[in-house]
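Single-letter residue listing:
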Amino acid sequence: MSASSTPSVLLNTGAQMPLLGLGTYTLQKPEEVHRAVDVALSVGYRAFDTATYYENEAALGRALRELLPKHGLTREDVFIITKLHPKDQGEKAKEAALLSLSQLDLGYIDLYLIHWPGTHGVPETDPSNPVNRAKSWALLEELHGQGKLKAIGVSNYTPAHMKEMMQSCKVRPALHQVEFHPRLCQAEMRRLCKEYGVCFQAYSSIGQGDLVTNPVVMEVAKSCQRTPAQVLLRWAVQQGVPVLPKSSNPERIEGNAKIFDFTLSDADMDRLSALDCGHKYCPDPSKVL
Ligand SMILES: NC(=O)c1ccc[n+]([C@@H]2O[C@H](COP(=O)([O-])OP(=O)(O)OC[C@H]3O[C@@H](n4cnc5c(N)ncnc54)[C@H](OP(=O)(O)O)[C@@H]3O)[C@@H](O)[C@H]2O)c1
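Residues numbered from 1 in each chain as written. Predicted model: local features only at pLDDT ≥ 70, side-chain atom pairs only at ≥ 80, totals over all residues.

Student: Can you explain the site of the ligand? Please cite residues and give values.
Tutor: As a structural note, the neighbourhood of the ligand is formed by 28 residues, with Gly-23, Tyr-25, Gly-209, Ala-229 and Lys-246 the closest of them. Per-element accounting of the shell around the ligand gives the leading share, three residues, to helix α9 (residues 250–257). (Near = placed C-beta within 6 Å. Helix = DSSP H or I, 4+ residues; strand = E, 2+ residues; numbered from the N terminus.)

Student: Please provide a residue-by-residue account of the sheet that holds strand β8 (residues 175–179), values included.
Tutor: Strand order across the open sheet formed by seven strands is β3-β4-β5-β6-β7-β8-β9, with parallel pairing between neighbours. At either end of the open sheet lies a strand with only one pairing partner, and these are β3 (22–23) and β9 (199–203). Note that strand β6 (residues 111–114) and strand β7 (residues 152–155) share three bridges and pair parallel. Paired with Leu-113 across the bridge in β7 is Gly-153. Here helix α4 (residues 128–145) sits on the sheet in contact with β5 (79–84), β6 and β7, set at roughly 170° to β6. (Pairing = 2+ DSSP bridges. Contact = placed C-beta atoms within 7 Å. Axes fitted to C-alpha atoms, helices over the stretch in contact; angles between N-to-C directions.)

Student: A description of the packing of helix α1 (residues 30–42) against helix α2 (residues 57–70) should follow, citing residues and the corresponding values.
Tutor: The geometry of α1 relative to α2 is characterised by a closest axis approach of 9 Å and an angle of 45° between their N-to-C directions. The orientation of α1 with respect to α2, classified from their angle, is oblique. The interaxial crossing formed by α1 with α2 has right-handed handedness. For the pair α1 and α2, contact is made by Pro-30, Val-33, His-34, Val-37, Asp-38 and Leu-41 and by Ala-59, Leu-60, Arg-62, Ala-63, Leu-64 and Leu-67, respectively. Across the contact of α1 with α2, the residue classes break down as nine nonpolar, one polar and two charged. (Parallel < 35°, antiparallel > 145°, perpendicular 65-115°, else oblique. Left-handed = near helix turned anticlockwise from the far one by under 90°. Nonpolar A, V, L, I, M, F, W, Y, C, P; charged D, E, K, R; others polar.)

Student: An account of unusual backbone geometry is needed here, citing residue identities and associated values.
Tutor: In this structure, Asp-105 is a non-glycine residue whose phi angle is positive, near 55°. Mapped onto the elements of the fold, Asp-105 is located in the loop between α3 (93–104) and β6. For Asp-105, a count of 12 C-beta atoms within 10 Å translates into the label exposed. The phi torsion at Gln-186 lies on the positive side, around 50°, for a residue other than glycine. Looking at where Gln-186 falls in the secondary structure, it is placed in the loop between β8 and α6 (187–196). (Buried ≥ 20, exposed ≤ 12 C-beta atoms within 10 Å, placed from the backbone.)

Student: Help me get a handle on the pairing of β6, residues and values and all.
Tutor: Judged by which residues are buried, β6 turns out to be covered on both faces: Leu-111 and Leu-113 on one side and Tyr-112 and Ile-114 on the other are all buried. Where β5 meets β6, four bridges bridge the pair, whose relative direction is parallel. Within β6, the position partnered with Leu-84 by the bridge is Ile-114. Once the chain exits β5 it traverses α3 before rejoining the sheet at β6, and the crossover so formed is right-handed. In this fold, β6 hands off to α4, which returns the chain to β7; that crossover is right-handed. (Right-handed = clockwise from strand over helix to strand, strands pointing away.)

Student: A description of the environment of Gly-44 should follow, citing residues and the corresponding values.
Tutor: Its location among the elements puts Gly-44 in the loop between α1 and β4 (47–49). The sequence separation of Gly-44 and Ser-136 amounts to 92 residues, and the corresponding C-alpha distance is 34 Å.

Here's what the structure looks like:
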């Protein structure tokens, strides 16, 4: 798969974002990040997802600066997502985003997300939570206006957080990054994102590794001669949902990219979607005021 053939989605900013990106949560050692980015670029990944919380922005930026020329690519060929640490929610958001920009050292950030609707250290039901995230958004809107953040968005918002945001934002979020896999189909949030023109992006598509041994996923994989991870990722992209599989294993990084050369039948899509039970592998934001 070449860079030009990487399937993408159109954001409401007018930018194209690749449907496939490499997740980097828990990739921390610089040599591990370097190796994963090298393999990923060679097999067609053109998007990378990091966060201040992952403590690997500097290593990712360095790896890309070193490796893009090796793969005949430039900065414009890749799409970089990073996120505001919940401890920096509110007045510190601008400073934090500028720090991410300098840690990555790639000139600009393609997409900057508010990582979590709450503020680190503040109780979930505290009324300062909505005030802080509204302040963060206003500051990110300024940086977006200055072109430092090409697009801005949110992550882990509930439908209530999203509706509240739509009342006050000047810039609509370009994207919402949420947990999404066959056991958590997020019907209401997908409908809201569609209504608001916000791209819905999946994280933890492989259920943090757990879903590869789900019996239904394994049966579908066997019947179409693909790996369970490919089936899980295909299930999402076949619905137009961008994915961010994480792996530190070169064979898996490569395998997880081979999801654009086959189609799941309607019956298999339905069997997988029928696993929906609201199960979350990641923290639940529903109690955050
Ligand atoms: N916005 C947020 O709050 C948020 C939350 C969670 C995640 N994310 C983003 O989304 C990315 C992906 O989510 P995730 O890391 O939670 O989970 P994930 O991608 O669903 O699963 C990653 C786990 O699955 C294993 N794995 C990967 N490919 C595999 C394969 N082909 N076969 C079997 N096992 C495989 C990996 O192990 P190996 O490394 O050993 O292969 C790792 O343990 C993150 O890295 C991060 O960038 C964002």
